[in-house]
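Listed here are the chains, written in short residue letters.
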Amino acid sequence: MPALTRPLLPTLAACALLLIPATSIGESRLVNQGNASSSLDFRIIIPPIMRVLENSHPMQLDAEANGDWSAQQRLVVVSNMKRGFCVTLRMSAPEVDAWRLNTAAESGVTLNPVADGYRLCAPRAGRYTLLLQHEFDAPRNAAAGALRWPVQTDITAL
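Worth saying up front: this structure is predicted, and the values here are computed from it rather than measured.

### Observations regarding the sheet that holds strand β5 (residues 98-103)
Stage number 1. Sheet architecture is open: 4 strands sit in the order β1-β3-β8-β5, paired in antiparallel fashion. Sheet topology places β1 (50-56) and β5 at the edges, where each strand pairs with a single neighbour. Ignoring strand direction, the axes of neighbouring strands in this sheet form an average angle of 25 degrees.
Stage number 2. In this structure, β1 lies alongside strand β3 (residues 69-79), joined through 6 bridges in antiparallel fashion. Of the residues in β3, the one forming a bridge with glutamate 54 is valine 76.

Next up, the structure:
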């Protein structure tokens, strides 16, 4: 009998090994029985930005032949705000009697006088290059000389 049990032992061991993976099949069936679904919700948030790239103007104005002053201001603003922005220009020099401001109509902004200066508004996001022509009247009873830049520029988002 010992001769018969020798080939039988490896056969029984092989059969036992075949039965071991059968227990893990039940677990895999439990995991795969449910319907798995998922969704991803990505949001890209771009912060509102308004940047003044350039605000150039002369620091000092020299009087013209008639005693008045004039100068050009270049203002470059970039904004990603959907409703745009406004620039308020205010007079900061009491020695100026009158002030006129002009800009090109094709610049895409509106120019409106306000109580203490002018208000330029851009209706939407973008890059705006504004060339502003300023004219200042000197008082007639005073001798006009040099004038420090008399305009204060404030920018607000809409």
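There is more to say after this.
### Regarding the nonpolar core
Stage number 1. With 24 residues, the main nonpolar core has Leu61, Trp69, Leu89, Trp99, Leu101, Leu120 and Phe136 as its most contacted residues.
Stage number 2. If you list the elements that add at least two residues to this core, you get β3, β4 (85-91), β5, β7 (117-122) and β8 (126-137).
Stage number 3. Non-local contacts of tryptophan 99, meaning those with residues more than four positions away in its chain, are made with Leu89, Arg90, Met91, Asp116, Gly117, Tyr118, His134, Glu135, Phe136 and Val151.

### Brief notes about the sheet that holds β4
Stage number 1. Taken in spatial order, the 4 strands line up as β6-β7-β4-β10 in an open sheet, and their pairing is antiparallel. One side of each edge strand has no neighbouring strand; the edge strands of this open sheet are β6 (110-114) and β10 (151-157). Averaged over neighbouring strand pairs, the angle between their axes works out to 20 degrees when direction is ignored.
Stage number 2. In terms of strand pairing, β4 meets β10 through 7 bridges, oriented antiparallel. Its bridge partner lying in β10, leucine 89 is registered against threonine 153.

### Points about the state of the cysteines
Stage number 1. One pass over the structure, following the stated rule, counts 1 disulfide.
Stage number 2. Across a sulfur-sulfur distance of 2.0 Å, cysteine 86 and cysteine 121 are joined as a disulfide pair. Linking cysteine 86 and cysteine 121, the disulfide has an S-S dihedral of approximately 105 degrees and is accordingly described as right-handed. Placement of cysteine 86 in strand β4 and of cysteine 121 in strand β7 is noted, with a sequence separation of 35 residues between them.
Stage number 3. Taking relative accessible area as the criterion, cysteine 86 reaches 1% and is therefore assigned buried.

Calculation criteria
- Numbering of residues begins from 1 in every chain and follows the order in which that chain's sequence is written.
- Where totals are concerned, whole chains, interfaces and linings use all residues; where local detail is concerned, this predicted model gives features only for residues with pLDDT of at least 70, and gives and counts side-chain atom pairs only at 80 or more.
- Computation of side-chain values: all heavy atoms of the structure, hydrogens and water removed.
- In this description, strands pair whenever DSSP reports at least two bridges between them.
- The numbering of helices and of strands both runs from the N terminus, where a helix is a DSSP run of H or I of at least 4 residues and a strand a run of E of at least 2.
- Each axis is a line fitted through C-alpha atoms, and for a helix only the stretch in contact is used; angles between axes span 0 to 180 degrees, taken between their N-to-C directions.
- Nonpolar cores were defined as sets of buried Ala, Val, Leu, Ile, Met, Phe, Trp, Tyr and Cys residues, with membership established by side-chain atoms within 4.5 Å.
- Partly exposed describes any residue whose relative accessible area lies between the buried limit of under 20% and the exposed limit of over 50%, with all areas from a 1.4 Å probe on protein chains only and scaled to the type maximum.
- Contacts between residues were defined by any pair of non-hydrogen atoms, one from each residue, lying within 4.5 Å.
- When the sulfur atoms of two cysteines come within 2.5 Å, that pair is taken as a disulfide.

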